[in-house]
Amino acid sequence: MDPEITSLAQSGGATLVALMATDAWQAARERLVHLWRRTQPHRAESVAAELDAGQAEVLAASLADDQEVLSEVRAEWQARLRRLLVARPDAAAELRRLLDEITPPISTADPAITQRASASGHARVYQAGRDQHITER
């Protein structure tokens, strides 16, 4: 799997789920549905319905502070975006532009964190943007 596609899909899924609980969601939703209409028109209507269902799940999970559901919805959208990018690599540039336009600007007080790692064999990689607690037995 191309690491760039994986990274873009992960970023896209996380951004979409974060936006589902904000006022910016409708604009983001429309842009995403437009991307599907252009790249996979036969899936556009089902993606629109899935986005609506996902937003309902995110809103309920946010109210209940259910991080597990939020993680599941995020993983679902990361997988959907990855499948789209694998099927239509030409959509990567459009998805990047879309994410740049819909992602709220990062405050200068909060530095951006970018991490990349690679492991092979029995190696382990642990990364964290903040606190990390590892217990191995």
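Residues numbered from 1 in each chain as written. Predicted model: local features only at pLDDT ≥ 70, side-chain atom pairs only at ≥ 80, totals over all residues. Heavy atoms only, no water.

(A) Examining unusual backbone geometry more closely. Positive phi values are uncommon outside glycine, yet Asp65 reaches one of about 55 degrees. Topologically, Asp65 is positioned in the loop between α3 (44-64) and α4 (67-87). (Helix = DSSP H or I, 4+ residues; strand = E, 2+ residues; numbered from the N terminus.)

(B) A look at the packing of aromatic side chains. A full pass over the atoms with the stated rule returns one aromatic pair. Over the face of the ring belonging to Trp77 we find Arg80, whose NZ or CZ atom lies 4.4 Å from the ring centre. (Phe/Tyr/Trp six-rings, centres within 6.5 Å; stacked < 30°, edge-to-face > 60°. Lys NZ or Arg CZ within 6 Å of the ring centre and 35° of its normal.)

(C) How the structure looks around the packing of helix α1 (residues 3-19) against α4. Two elements in contact, α1 and α4, have axes separated by 8 Å at closest approach and are oriented at 135 degrees. Judged on the interaxial angle alone, α4 and α1 are oblique. Classified by chirality, the crossing of α4 by α1 is right-handed. Where α1 abuts α4, its residues Ile5, Leu8, Ala9, Gln10, Gly12, Gly13, Ala14, Leu16 and Val17 lie against Leu70, Val73, Arg74, Trp77, Gln78, Leu81, Arg82, Leu85 and Val86. (Axes fitted to C-alpha atoms, helices over the stretch in contact; angles between N-to-C directions. Parallel < 35°, antiparallel > 145°, perpendicular 65-115°, else oblique. Left-handed = near helix turned anticlockwise from the far one by under 90°. Contact = heavy atoms within 4.5 Å.)

(D) Just the pattern of salt bridges, in detail. For the structure shown, the criterion picks out ten salt bridges. Where Arg29 meets Asp52, a salt bridge forms, and the shortest distance between an N and an O atom there is 2.7 Å. Taken together, the positions of Arg29 in helix α2 (residues 25-39) and Asp52 in helix α3 put the pair 23 residues apart, joining distant regions of the chain. Given a relative accessible area of 34%, Asp52 falls into the partly exposed group. Salt bridges sharing common partners tie together Arg43, Glu50, Glu76 and Arg80. (Salt bridge = Lys/Arg side-chain N within 4 Å of Asp/Glu carboxyl O. Buried < 20%, exposed > 50% of the residue type's maximum accessible area, 1.4 Å probe, protein only.)

(E) Here's a closer look at the side chain of Arg80. Within the secondary structure layout, Arg80 lies in helix α4. Those residues in contact with Arg80, other than ones at most four positions away along the chain, are Trp36 and Glu50.

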